[in-house]
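Analysis of the macromolecular model
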Amino acid sequence: AAHTVLADDVERLKRLVAVAGHPSLELVETLRRRFLPDTPEDTVLWVLRDAAHGSTREVRLPESEVQRLVAAERRENPERERAVRTLVLDLLASQPPPPGSVAALRWELAVATQRLALAHLDGHDAAAPLGSLRRLAESPIWDEVDESIRGLAGASGRLDVGRQAADGHLDAPHGLPAGAA
């Protein structure tokens with residue numbers, strides 16, 4: 001028998017999507033099956049409907065919603081947040097991209113973001129992931145680093161990687177105008 005998708009099902013899965021970063025559709029389904037087995041399969045479709053960008057390659061929720069969702073998951077279920085972040089790190093470790101590519105920079109960003117969130121969640125030293133974020137903030141993907149930092153800051157307070165402007169966003173790297181990519 002088909003189960004009705006409830007708003008709470010969608011909210012809970014969106015929290016996991018927000019914690020995971022920008023997961024693939026396959027990872028969203030894995031998160032649903034592993035952490036929310038009581039939710040209907042169609043819940044994934046409702047999450048895609050609400051995504052700012054949804055494809056089989058990547059599911060992106062609106063930034064303002066990501067901050068709210070991660071903060072809610074941290075407040076209400078920090079153990080599940082930890083488990084999701086650990087799963088994402090394990091998956092990333094098993095699939096590193098070719099070194100020197102933009103994909104490698106994005107992979108490093110995903111790893112650093114997850115490690116920083118775990119360090120904050122567990123009260124551990126965050127020097128290594130912060131160092132990675134500082135280095136990546138000077139790379140061609142600096143705007144993606146900015147987005148990741150804002151998402152984490154929404155969940156855990158202000159984060160400083162050393163180049164934030166007064167508005168909390170990263171300043172463009174030297175030689176690039178603000179807004180250039």
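Data block above holds the structure.
In this report, we go over the structure that sits alongside the text. As the structure is a prediction and not an experimental result, all values here were calculated from the model. (Residues numbered from 1 in each chain as written. Predicted model: local features only at pLDDT ≥ 70, side-chain atom pairs only at ≥ 80, totals over all residues. Heavy atoms only, no water.)

1. Observations regarding the packing of helix 4 (residues 63-76) against helix 5 (residues 78-94)
Axis separation between helix 4 and helix 5 bottoms out at 5 Å; the angle between their running directions is 120°. By the angle between their axes, helix 4 is oblique relative to helix 5. Facing Val-70, Glu-73, Arg-74, Arg-75 and Glu-76 of helix 4, the residues of helix 5 in contact are Pro-78, Arg-80, Glu-81 and Arg-85. Tallied by class, residues from the contact of helix 4 with helix 5 come to two nonpolar, no polar and seven charged. (Axes fitted to C-alpha atoms, helices over the stretch in contact; angles between N-to-C directions. Helix = DSSP H or I, 4+ residues; strand = E, 2+ residues; numbered from the N terminus. Parallel < 35°, antiparallel > 145°, perpendicular 65-115°, else oblique. Contact = heavy atoms within 4.5 Å. Nonpolar A, V, L, I, M, F, W, Y, C, P; charged D, E, K, R; others polar.)

2. A closer look at the pattern of salt bridges
Under the defined criterion, the tally for this structure stands at 23 salt bridges. Lys-14 serves as the salt-bridge partner of Glu-65, at 2.5 Å between the closest nitrogen and oxygen. Here Glu-65 is found in helix 4, whereas its partner Lys-14 is found in helix 1 (residues 7-20), with 51 residues between them in sequence. Accessibility assignment for this pair places Glu-65 and Lys-14 in one class, buried. Across the pair Arg-68 and Glu-65 runs a salt bridge whose closest N-O atoms are separated by 3.5 Å. Of this pair, Arg-68 and Glu-65 both sit in helix 4, three residues apart, which is roughly one turn of the helix. On the basis of relative accessibility, which here comes to 40%, the residue Arg-68 falls in the partly exposed class. It is possible to trace a salt-bridge network through shared partners that takes in Glu-11, Lys-14, Arg-15, Arg-49, Asp-50, Glu-65, Arg-68, Glu-73, Arg-75, Glu-76 and Arg-80. (Salt bridge = Lys/Arg side-chain N within 4 Å of Asp/Glu carboxyl O. Buried < 20%, exposed > 50% of the residue type's maximum accessible area, 1.4 Å probe, protein only.)

3. A short note on the nonpolar core
Ranked by size, the top nonpolar core spans 28 residues in total, and within it Leu-31, Phe-35, Leu-61 and Val-84 carry the most contacts. Where this core is concerned, the elements lending two or more residues are helix 1, helix 2 (25-35), helix 3 (43-50), helix 4, helix 5 and helix 6 (102-122). It is helix 1 that contributes the most residues to this core, seven residues altogether. Discounting residues that sit within four places of it in the chain, Val-84 has contacts with Leu-16, Val-19, Ala-20, Leu-31 and Phe-35. (Core = buried A, V, L, I, M, F, W, Y, C linked by side-chain atoms within 4.5 Å.)

4. Here we look at the packing of helix 5 against helix 6
One can describe the packing of helix 5 onto helix 6 by two numbers: an axis separation of 10 Å at closest approach and a directional angle of 150°. Between helix 5 and helix 6, the crossing angle belongs to the class labelled roughly antiparallel. Judged by the sense of rotation from one axis to the other, the crossing of helix 5 with helix 6 is left-handed. Residues Pro-78, Glu-81, Arg-82, Arg-85, Thr-86, Val-88, Leu-89, Leu-92 and Ala-93 of helix 5 form the contact with helix 6, whose own contacting residues are Trp-107, Ala-110, Val-111, Gln-114, Arg-115, Ala-117, Leu-118, Leu-121 and Asp-122. Partitioning the contact of helix 5 with helix 6 into residue classes produces 11 nonpolar, two polar and five charged. (Left-handed = near helix turned anticlockwise from the far one by under 90°.)

5. Points about the side chain of Arg-12
Mapped onto the elements of the fold, Arg-12 is located in helix 1. Under the relative-accessibility criterion, Arg-12 is labelled buried at 16%. Side-chain polar atoms of Arg-12 contact the side chain of Asp-38, separated by 3.0 Å. (Polar contact = N/O pair within 3.5 Å; in protein donor to acceptor, adjacent residues only side chain to side chain.)

6. Here we look at helix 7 (residues 127-136)
Looking at helix 7, one finds that the buried residues are Pro-129, Leu-130, Leu-133 and Leu-136. Along the axis of helix 7, the buried residues cluster in a sector spanning 125°; they form a single face. (Arc of directions from axis to C-beta.)

7. Quick notes on the environment of Arg-134
Mapped onto the elements of the fold, Arg-134 is located in helix 7. Owing to a relative accessible area of 40%, Arg-134 belongs among the partly exposed residues under this scheme. Sequence-wise, Arg-134 and Val-145 are 11 residues apart; in three dimensions their C-alpha atoms are separated by 8.9 Å.

The analysis is restricted to geometry; functional conclusions fall outside its scope.
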